Structures are given as C-alpha cells and as structure tokens.
Amino acid sequence: MGRSHVLRLAQEGAIVLATDVDRAGVEETVAQVTAAGGTAVALEQDVTNADRWTEVVAEAERRFGKLDILVNNAGLLILKPVDATTDEEWDLTHAINAKGAFLGIRTVVPAMQRAGGGSIVNISSIYGVVGAPSAAAYEASKGAVRLLTKASAVDLAKYGIRVNSVHPGVIETPMTTELLATPESTRAVLSTTILDRPGKPEEVSNVVLFLASDEASFVTGAEYLVDGGYTAQ
C-alpha cells in the first residue's frame, strides 16, 4: 500500500519523500514515480528509530523547503493468537505499528508549524476497530493507532494540523498473501466483506489522497473504513 500511496500522491502533484526499511523496494517505488512523470526521493528508514525520524524530516525540509503531509504506513502483521504471542513479537509489532506512528507525528510537528499547517494520515486497520482470531499484537497496535490519531487531532488542531486514520479491510498486498493463499482461506477472511472481494491498494490510496488534500480541510480526528463493508454487519 505504501507504494500505491506514493504513486497516487505524486500523480496529483505532491513531491514525495518515500521511506522504507527496504531500500531496494523504496528505490523501485521512486523509479515508478519518475517513469510516470512525478517527483519523489527515496530514503532508507527504520520507523522505530527516533534519530532517523529527525534526519528524514530535516532532509524533507532541506530538499523541498517545507513538509506539510505525513502518511504513516509502515506495518507488521504476525499471525498468532494472544496465548502464543511472545514478548519479542508483541514488542516488535508495537514498535513498528504504534511507536513508529507516534515518532512520526511528534517529529513532524515543528516542520508543519513552519509550513503553516499540515495533514497527517495514519494507516490503521479494520482490526483496530474489531477483533479477529490469531492477530492479537497486530490488533492491539492498530487500536493504539486509532486512538493516537484522535488524541493527536485534539492536541495539534491549534497548529492547523489535521490528523486522521484510515482503516483498510482485506487488501491484496504482500502482507495478506498468506490470508488469501487458497480459495478456502480467502472465503474465510472475506466472510463478512459485503462486497465479496479483497480491496486493491489504489482504493485505499484514494482515501489517503483525500485526507491529505485541502478537500478534507474540515476533517480531523476521523476514522475512514475502506473495508468493502467488512465492519458494516
């Protein structure tokens, strides 16, 4: 989904600083943006490292003059029930999914103040809203992102910074390859998706684009479910 977000934002004219712990992957994303006529720069980043966040934000301001959009997209899914989850798996999941988003928000605030405001979009999940089997650490971390978003929206409104969360359902990405590996597992994971199909990354990116843009100027502290109706019943 991160690649899709970068491509969609760049398509609409954003200058994007794309980061990922996978340097080769993020460089390929930037190559696709460039080939499509957009502008993007790739940097390697571990979102659990506070010092690296400081460096990345400084680089964005140095290269582009300002930073007024942040999309917190990094995520980790470990498929284990709560009684089988190790301390290490819990800590790693929360470090990437929840602490990474927190560090990003905290670090961009001064830059967005200098820019006169901004928009932060946090990628949570339907499993930050409802429970499901065998993903306790992931669900707890995404629930944390949901409430971190609302708390941040309240704290940062005085700076003209909007903060919203997006909650994808079952989307066709490498993270869901195992979930969608067989017709049987696909039927099981889509059991309450009333549109009866997995979503495409671009369908999530369209909502990210809206929230990042001035079209959403009166939207903050909100949660947008992009789940094909998974949570509707």
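Residues numbered from 1 in each chain as written. Predicted model: local features only at pLDDT ≥ 70, side-chain atom pairs only at ≥ 80, totals over all residues. Heavy atoms only, no water.

Some details on the overall build of the protein
A tally of helices and strands in the protein yields 7 helices and 6 strands. Tracing the protein from N to C terminus, the helices and strands come up as α-β-α-β-α-β-α-β-α-β-α-α-β. A globule of 233 residues ought to have a C-alpha radius of gyration of about 17 Å, and the protein, at 17 Å, matches this closely. Overall, the C-alpha framework of the protein stretches about 50 × 35 × 35 Å when taken along its three principal axes. Residues classed as buried in the protein amount to 45% of the 233 residues present. Sequence-distant contacts, at least 24 apart, represent 70% of the contacts inside the protein between residues at least 6 apart. Here the protein displays about 11400 Å² of accessible surface, and carbon together with sulfur accounts for 54% of that area. One way to put it: in the protein the 19 positive side-chain charges average out to a point 6 Å from where the 29 negative ones average out. (Helix = DSSP H or I, 4+ residues; strand = E, 2+ residues; numbered from the N terminus. Rg over C-alpha atoms; globule rule 2.2 N^0.38 Å. Buried < 20%, exposed > 50% of the residue type's maximum accessible area, 1.4 Å probe, protein only. Contact = heavy atoms within 4.5 Å. Areas by Shrake-Rupley, 256 points an atom, 1.4 Å probe, with all protein chains shown as cover. Lys, Arg positive; Asp, Glu negative; His and termini not counted. Charge placed at Lys NZ, Arg CZ, Asp CG, Glu CD.)

Observations concerning helix 7 (residues 201-212)
The terminal C-alpha atoms of helix 7 lie 16 Å apart, and with 12 residues this matches the ideal 16 Å at 1.5 Å per residue to within 8%. Among the structural elements, helix 1 (2-11), strand 3 (69-72), strand 4 (118-123), strand 5 (161-168) and strand 6 (223-226) are those in contact with the buried residues of helix 7. (Expected span 1.5 Å × (residues − 1).)

Let's talk about the pattern of salt bridges
Counting across every chain of the model gives 11 salt bridges. The salt bridge involving Glu 12 is made with Arg 8; its shortest N-O contact spans 2.9 Å. Taking the shortest distance from any N to any O, the salt bridge between Lys 80 and Glu 89 comes out at 2.7 Å. Judged by its relative accessible area of 17%, Glu 89 is buried. Overlapping salt bridges bring together Glu 59, Arg 62 and Arg 63 as one network. (Salt bridge = Lys/Arg side-chain N within 4 Å of Asp/Glu carboxyl O.)

Points about the environment of Ser 191
Note that Ser 191 resides in the loop between helix 6 (183-189) and helix 7. You can call Ser 191 exposed: its relative accessible area is 52%. With 34 residues separating them along the chain, Ser 191 and Leu 225 place their C-alpha atoms 17 Å apart.

Some details on the packing of helix 3 (residues 50-64) against helix 4 (residues 87-115)
Between helix 3 and helix 4, the least distance of the axes is 10 Å, while the angle of their chain directions is 35°. Crossing geometry of helix 3 relative to helix 4 is assigned as right-handed. Within the contact between the two elements, helix 3 uses Ala 50, Trp 53, Thr 54, Val 57 and Glu 61 and helix 4 uses Gly 100, Leu 103, Gly 104, Arg 106, Thr 107, Val 108, Ala 111 and Arg 114. Residues that form the contact of helix 3 with helix 4 fall into these classes: 6 nonpolar, 4 polar and 3 charged. (Axes fitted to C-alpha atoms, helices over the stretch in contact; angles between N-to-C directions. Left-handed = near helix turned anticlockwise from the far one by under 90°. Nonpolar A, V, L, I, M, F, W, Y, C, P; charged D, E, K, R; others polar.)

Describing the packing of aromatic side chains
The tally for this structure, following the rule as stated, stands at 2 aromatic pairs. Measuring from centroid to centroid gives 5.9 Å for Tyr 127 and Tyr 230, while their planes differ by 85°, and the two rings are edge-to-face. Within this pair, whereas Tyr 127 is found in the loop between strand 4 and helix 5 (136-156), its partner Tyr 230 is found in the segment after strand 6, the two being separated by 103 residues in sequence. (Phe/Tyr/Trp six-rings, centres within 6.5 Å; stacked < 30°, edge-to-face > 60°.)

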